[in-house]
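Summary of structural features
Next come the chains, spelled out residue by residue.
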Amino acid sequence: MPDLSKLYDKYKKDGLVILGVTHFYSNGYLPANPKQMLSGGKRVQKMDEKEYVKHVTAFRDNTKISYPFVIGANSNFSDYGVLGIPSVAVIDTKGKIALLTVGSGSEPLIKAVVERELKKGGK
């Protein structure tokens, strides 16, 4: 997420849109700051949907992630073939999936595909 945030900050002026898409979970993880992204945060359990919205907002604010988050439905995940979390879908300007990757560690590939698609523009 921090690398996606940097990519967003660098290319949003060029038309890059990044959305953090999630759906309701009753349990979560809340870091107090960016250093706690992987450990040191607190486990949150038994949230209802209203509490989950506040949780997602606090997560984004605490971690300083710059791109917006949206809370969708399970169907949003199946529409893009999301089978695991985290997943990243790079969608080109024509609405076609240019890359779908599951798990972390794909940051160099994601960056390369984003840069390629931004160069192509609407072509």
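See the structure above.
Model, not experiment: these values are computed from the prediction. Sequence order sets the numbering: in each chain, residues are counted from 1 along the sequence as written. For this predicted model, a pLDDT threshold of at least 70 governs which residues receive local features, and a threshold of 80 or more governs which side-chain atom pairs are given and counted, while totals over whole chains, interfaces and linings are taken from all residues. Note that the side-chain values use all heavy atoms of the structure and ignore hydrogens as well as water.

What to know about helix 2 (residues 49–63)
Across its 15 residues, helix 2 extends 21 Å between first and last C-alpha, which sits within 8% of the 21 Å expected from 1.5 Å per residue. For every residue, the accessible area (1.4 Å probe, protein chains only) is compared with the maximum for its type, and the residue is labelled buried under 20%, exposed over 50%, or partly exposed between those bounds. Strands are runs of DSSP state E lasting at least 2 residues, helices are runs of H or I lasting at least 4, and numbering of each runs from the N terminus. Buried residues of helix 2: Tyr52, His55, Val56, Phe59 and Thr63, and no others. All buried residues of helix 2 fall inside an arc of 100 degrees around its axis, so they share one side. Exposed residues on helix 2 whose side chains face more than 90 degrees from its buried face are Lys50 and Lys54. Contacts are assigned to residue pairs that have any heavy atoms within 4.5 Å of one another. Buried residues along helix 2 sit in contact with strand 1 (20–23), strand 2 (28–30), strand 3 (42–44) and strand 4 (69–72). Here a polar contact is recorded for every N or O atom pair within 3.5 Å, except that within protein the pair must consist of a potential hydrogen donor and a potential acceptor, and residues adjacent in sequence are included only if both atoms are side-chain atoms. With a side-chain oxygen lying 3.1 Å from the backbone nitrogen of Lys50, the N-terminal cap of helix 2 falls on Asp48. Just downstream of helix 2, Lys64 is the residue with a positive phi angle, here 65 degrees. To estimate how far a helix should reach, multiply one less than its number of residues by 1.5 Å. The reported arc concerns the directions from the helix axis to the C-beta atoms and nothing else.

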